[in-house]
Amino acid sequence: MTLYPKLITDALATVSYPGTKKNLIESEMLADNMRIDGMNVSFSLIFPRDTDPFLKSTVKAAEAAIHYHVSPEVKVTITTEFKSKPRPEVGKMLPQVKNVVAVSSGKGGVGKSTVAVNLAIALARLGYKVGLLDTDIFGPSAPKMFGVEDARPYAVNKDGRDLIEPIEKYGVKLLSIGFFVNPETATLWRGGMASNALKQLIADADWGELDYFILDTPPGTSDIHLTLLQTLAITGAVIVSTPQSVALADARKGIDMYQNEKVNVPILGLVENMAWFTPAELPENKYYIFGKEGCKKLAEEMKIPLLAQIPLVQSIRESGDEGTPAALNIDTATGQAFINLAQAVVTMTRRRNQELPPTQIVGVK
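Heads up: these notes are all about the structure in this document.

Turning to its location among the elements, Thr58 is positioned in helix H2 (residues 55-69). A sequence separation of 228 residues divides Thr58 from Lys286, and the C-alpha atoms of the two residues are 65 Å apart. Discounting chain neighbours no more than four positions away, the residues touching Thr58 are Tyr17, Pro18, Leu24 and Phe47. Side-chain polar atoms of Thr58 contact the backbone oxygen of Phe54, separated by 2.6 Å.

With that settled, the discussion passes to the pairing of strand S6 (residues 97-104). Among the 8 residues that make up S6, 7 are buried, leaving the element largely enclosed by the rest of the structure. Sheet topology note: the S6/strand S12 (residues 210-216) ladder contains 6 bridges and is parallel. Bridged to Asn99 within S12 is Tyr212. Where S6 lies against strand S13 (residues 236-241), 4 bridges are found, and the strand directions are parallel. Its bridge partner being in S13, Val101 is matched across the sheet by Gly236.

What follows covers the pattern of salt bridges. Tallied over the entire structure, the rule returns 7 salt bridges. Among the salt bridges present, the one from Lys6 reaches Asp10, with a minimum N-O distance of 2.8 Å. Residue Lys6 and its partner Asp10 are both found in helix H1 (residues 5-12); the two are separated by 4 residues, about one turn of the helix. For Glu149, the salt bridge goes to Lys144, with nearest N and O atoms at 4.0 Å.

Strand order in this open sheet of 3 strands is S3-S4-S5, and the pairing throughout is mixed. Two strands close off the open sheet at either side, each with one partner strand: strand S3 (35-37) and strand S5 (75-82). Adjacent strand axes in the sheet meet at a mean angle of 20° when their direction is disregarded. Relative to S5, strand S4 (residues 40-47) is paired through 8 bridges, and the arrangement is parallel. Pairing of Ser42 across the sheet is with Thr77, part of S5. Relative to S5, H2 is tilted by about 150°, and along the sheet it contacts S4 and S5.

What follows is about the packing of aromatic side chains. If you walk through the whole model with that rule in mind, you get 6 aromatic pairs. Three or more aromatic residues joined by ring pairs make a cluster, and in this case those are Tyr17, Phe47 and Phe54.

Moving on, we get to H2. Relative to the 21 Å expected for 15 residues at 1.5 Å per residue, H2 spans 21 Å between its end C-alpha atoms, a close match to the ideal helical length. For H2, the set of buried residues is Leu55, Thr58, Val59, Ala62, Ala65 and Ile66. Angularly, the buried residues of H2 cover 125° about the axis, an arc narrow enough to put them on a single face. Residues of H2 that are exposed and point more than 90 degrees away from the buried face comprise Lys56, Lys60 and Tyr68. Looking at the buried residues of H2, the elements they touch are H1, strand S1 (16-17), S4 and S5.

Read from one edge of the open sheet, 8 strands run S10-S11-S7-S12-S6-S13-S14-S15, paired in mixed fashion. Either end of the sheet is taken by a strand with one partner, and the two such strands are strand S10 (167-169) and strand S15 (306-312). Each adjacent strand pair in this sheet contributes to an overall mean axis angle of 25°, direction not counted. Judged from the 5 bridges that link them, strand S7 (residues 130-134) and strand S11 (residues 172-176) form a sheet pairing that is parallel. Following the sheet pairing, Leu133 is matched in S11 by Leu175. Against the sheet, helix H3 (residues 112-125) engages S6, S7, S11, S12, S13 and strand S14 (267-277), with an angle of about 170° to S12.

Criteria and cut-off values
Residues numbered from 1 in each chain as written. Predicted model: local features only at pLDDT ≥ 70, side-chain atom pairs only at ≥ 80, totals over all residues. Heavy atoms only, no water. Helix = DSSP H or I, 4+ residues; strand = E, 2+ residues; numbered from the N terminus. Contact = heavy atoms within 4.5 Å. Polar contact = N/O pair within 3.5 Å; in protein donor to acceptor, adjacent residues only side chain to side chain. Buried < 20%, exposed > 50% of the residue type's maximum accessible area, 1.4 Å probe, protein only. Pairing = 2+ DSSP bridges. Salt bridge = Lys/Arg side-chain N within 4 Å of Asp/Glu carboxyl O. Axes fitted to C-alpha atoms, helices over the stretch in contact; angles between N-to-C directions. Phe/Tyr/Trp six-rings, centres within 6.5 Å; stacked < 30°, edge-to-face > 60°. Expected span 1.5 Å × (residues − 1). Arc of directions from axis to C-beta.

What follows is the structure, given as structure tokens:
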């Protein structure tokens, strides 16, 4: 039997590629490098990217089609090429990002996302280049707080790679899984799916040059935190808690997660959120609903800086719900509180960078 190119292309035309729902030839996936030597044939298939979920199954189907339609005696060698350059390896992602700051809490309901969003906006108002990644895969809130729930990021081709373009508002580059899922339904994903989605938002996005890359992390300690620690060298962590005892107990766990010897991420400081309640009609009054200065005492005990005490004020909640966070209005006490927090984070980050070596990416299995 004599092999010739049309026998091969006819066989490949019987293989459907799920990404386009057309066959390999119609999808223009056969590279112009076919080589035939007796009963040996070699060629490349071109895929959109190296993370293509259909890659392995398509290559196997192509080989099987040649054996079935041409001859089982044919020795088939298939290599792969990619339209988009492969994702940078861990350790070389985000080369233009100077500082990665994780905003964390041991438990939910302490206003961590509110602090993260207002911190990012306050840093931008101070003149820094800022990005915010909402890493809470199962409960994303940043799109609502920025007033961009209906936004849909698009892809741009940059340096041979297809990258997600972050949404930009209030001087902050923003990405969240909330842009890609139905906000009316629960996100039912296994841990691996969530981690892969998160890696895409980090490595396959055009973040560009940033002074501060803020990570709004989910509550607690989870797969998501481990993925972040294994993917990015986190400059430091900001721990958010309310003054009440149950929140402080969980804040200790959050601190321990980062100070664990296998992780070793410096704690930039603590933020005491909902430190006191001040009614709008009595702005001088303070009511310590969740206890008084619990976070301050924890900071002193653990020798960690207290970065800010943020009051429980109705306008903070309202401005977040309306997509106009409090940090936008620096003429108010709450707006100034977040500006002061941002300045404290800048100071502690600079001190950390002067006194400590760069954080290493965690190799935990």
